[in-house]
Amino acid sequence: MATKHEQILDYIETLAVGEKISVRRIAKELQVSEGTAYRAIKEAENNRLVSTIERVGTIRIERKKKENIERLTYAEIVKIVDGQVLGGRAGLHKSLNKFVIGAMQLEDMMRYTEAGNLLIVGNRYKAHEYALQAGAAVLVTGGFEASDQVKKLADEYELPVISTSYDTFTVATMINRAIYDQLIKKEILLIEDILIPLENTHFLHYKDPISRYHELNNETTHGGFPVVDSNGKLVGIVTSRDVIGYSSTDVIDKVMTRDPITVSLQTSVAAAGHRMIWEGIDLLPITDDHHNLMGIISRQDVLKAIQTAQRQPQQGETIDDIIKSQLTLLQDDTLSLEFKVTPQMTNAYGSISYGAYTMILTEAAATALKTKNRKDSVLENMTVYYLKPVQLDATLTIRPSILDISRKSAKVDVEVLYQQKVIGKAMMTFQLLDR
């Protein structure tokens with residue numbers, strides 16, 4: 001039986017895209033308290049099912065697929081630019097495919113403006129009107145208003161006309177930044193990208209006999225299985241170690257490990273992998289907020305995903321990507337790398353930031369391990385000695401040295417030199433990833 005919270009979320013998913021939602025309406029239609037309705041609507045917003053806009057309210061929006069995340073809805077544009085909706089509220093759920101800067105003659109501007117666009121322009125009323133007729137929404141910059149005729153057209157065509165106090169250049173920069181941030185998010189591997197879904201997951205019921213474990217083990221060759229109750233909620237996990245010494249007629253409830261470690265669909269693969277390595281577990285159940293089993297991932301799934309991601313080209317560059325691109329392998333007898341400190345890598349005092357410094361050390365050590373044994377690696381822990389501040393434009397030499405290496409882990413010592421003098425050191429332990 002679904003909880004009231006789950007019933008509200010299911011109900012919201014059935015609503016038409018663009019429909020307005022309110023706490024009072026949900027509470028009345030589903031016979032729940034306003035507090036319960038409010039909490040469910042907030043979760044729906046986190047799940048990108050609805051969007052709440054000041055002075056407009058909460059509307060049902062289309063959940064964007066990950067591969068199409070670089071597209072924004074007009075509702076999201078309103079939030080990004082702190083805008084006010086002047087007309088066409090019914091179209092806020094629609095996505096825009098590009099934006100056009102209105103900084104040219106009217107005829108030329110209209111040549112570039114098509115259906116599904118967003119025209120960013122000041123108080124050029126004819127441009128507002130022509131854009132709406134072409135099927136494009138309008139973002140009026142500089143805090144200007146729109147004419148009554150334009151507002152009427154916006155409502156008629158269900159295309160938003162939005163006003164913002166920012167100038168055109170600032171608005172374009174803000175929207176670009178939002179798209180760029182979403183491109184970076186798009187490339188972060190989440191559990192939802194790699195999990196084995198529930199319909200393909202083998203699991204046990206807590207009242208099953210241990211003989212059922214052996215049947216599944218023979219059928220799948222898997223060593224562990226999640227355990228659920230009669231409502232599909234995760235209650236435990238059972239592995240080959242747990243069933244040793246017990247009779248085939250004993251029930252799973254007697255031998256399973258209760259309250260197992262779990263992650264959600266939105267957990268990053270890197271975080272899940274670190275958890276599995278740290279806890280020494282090979283199987284991780286995925287649950288929702290109500291502890292319902294959603295699927296599982298294995299250590300092998302995680303390692304394969306991390307290795308694949310490391311080889312993929314990226315569209316949005318993070319600070320880590322910029323640092324990696326500036327590390328150069330020197331062609332000398334020792335394994336050494338060179339790095340020049342750029343303005344992005346510095347703190348408020350003009351010295352290299354601690355974040356950039358540790359990233360340089362980590363990447364240099366990982367490069368040394370890759371050169372030595374052709375394996376990918378994940379940092380497990382590090383001890384850093386920051387001896388002298390490093391100034392902007394300084395060219396550093398980094399010398400990683402592998403102290404100890406086994407089948408599963410390695411210890412690396414890293415020395416950082418500036419003008420032939422040691423200015424920093426680090427000791428690191430890495431977990432090696434099997435191919």
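Shown above is the structure to which this text applies.
A few points on the structure. Everything quoted here is computed from the prediction, not taken from an experiment.

Calculation rules
Residues numbered from 1 in each chain as written. Predicted model: local features only at pLDDT ≥ 70, side-chain atom pairs only at ≥ 80, totals over all residues. Heavy atoms only, no water. Helix = DSSP H or I, 4+ residues; strand = E, 2+ residues; numbered from the N terminus. Buried < 20%, exposed > 50% of the residue type's maximum accessible area, 1.4 Å probe, protein only. Polar contact = N/O pair within 3.5 Å; in protein donor to acceptor, adjacent residues only side chain to side chain. Contact = heavy atoms within 4.5 Å. 1 Å grid on protein atoms, 1.4 Å probe; cavity = no way out; pocket = protein on both sides within 12 Å on 5 of 7 lines; lining within 4 Å. Points joined across faces, edges and corners; volume = space filled by probe spheres on them. Pairing = 2+ DSSP bridges. Axes fitted to C-alpha atoms, helices over the stretch in contact; angles between N-to-C directions. Salt bridge = Lys/Arg side-chain N within 4 Å of Asp/Glu carboxyl O.

Time to look at the side chain of Ser 351. Here Ser 351 lies in the loop between strand S19 (337–340) and helix H16 (354–373). Residue classification places Ser 351 among the buried residues on the basis of a relative accessible area of 10%. A distance of 3.4 Å separates polar atoms of two side chains, one belonging to Ser 351 and the other to Gln 391. Those residues in contact with Ser 351, other than ones at most four positions away along the chain, are Met 345, Thr 346, Pro 389, Val 390 and Gln 391.

What follows covers empty space enclosed by the protein. Per the stated rule, a full pass over the model turns up 1 cavity of 30 Å³ or more. As a volume, the largest cavity reaches approximately 40 Å³. Lining the largest cavity are His 274, Ile 277, Trp 278, Val 378, Leu 379, Glu 380 and Gln 431. Secondary-structure elements contributing two or more residues to the lining of the largest cavity are helix H13 (269–279) and strand S20 (376–386).

With that settled, consider the sheet that holds strand S10 (residues 161–163). Here we have 5 strands laid out as an open sheet, ordered S5-S10-S9-S8-S7, and mixed in their pairing. Both outer strands of the open sheet, strand S5 (84–87) and strand S7 (98–101), are each paired with one neighbouring strand and no more. The mean angle between the axes of side-by-side strands here comes to 25 degrees, regardless of whether they run parallel or antiparallel. Of the strands in this sheet, strand S8 (117–121), strand S9 (137–140) and S10 touch helix H6 (residues 125–133), which is tilted by about 155 degrees from S9.

With respect to burial, strand S17 (residues 293–298) is a largely interior element, 5 of its 6 residues being buried. Two elements, strand S11 (residues 196–197) and S17, share 2 bridges in a ladder whose sense is antiparallel. Residue pairing for S17: Pro 197 is matched across the bridge by Gly 295.

The next thing to look at is the pattern of salt bridges. As enumerated under the stated definition, the model contains 11 salt bridges in all. Of the charged contacts in the structure, one is a salt bridge between Lys 79 and Glu 45, with a shortest N-O distance of 3.4 Å. You can see Lys 79 sitting in helix H4 (residues 74–80) and its partner Glu 45 sitting in helix H3 (residues 34–46), a full 34 residues away along the chain. A residue is classified by how much of its surface remains accessible, and Lys 79, at 39% relative accessible area, is partly exposed. Across the salt bridge formed by Arg 258 and Asp 253, the nearest N and O atoms sit 2.8 Å from each other. Among the residues examined, Arg 258 registers a relative accessible area of 48% and is labelled partly exposed.

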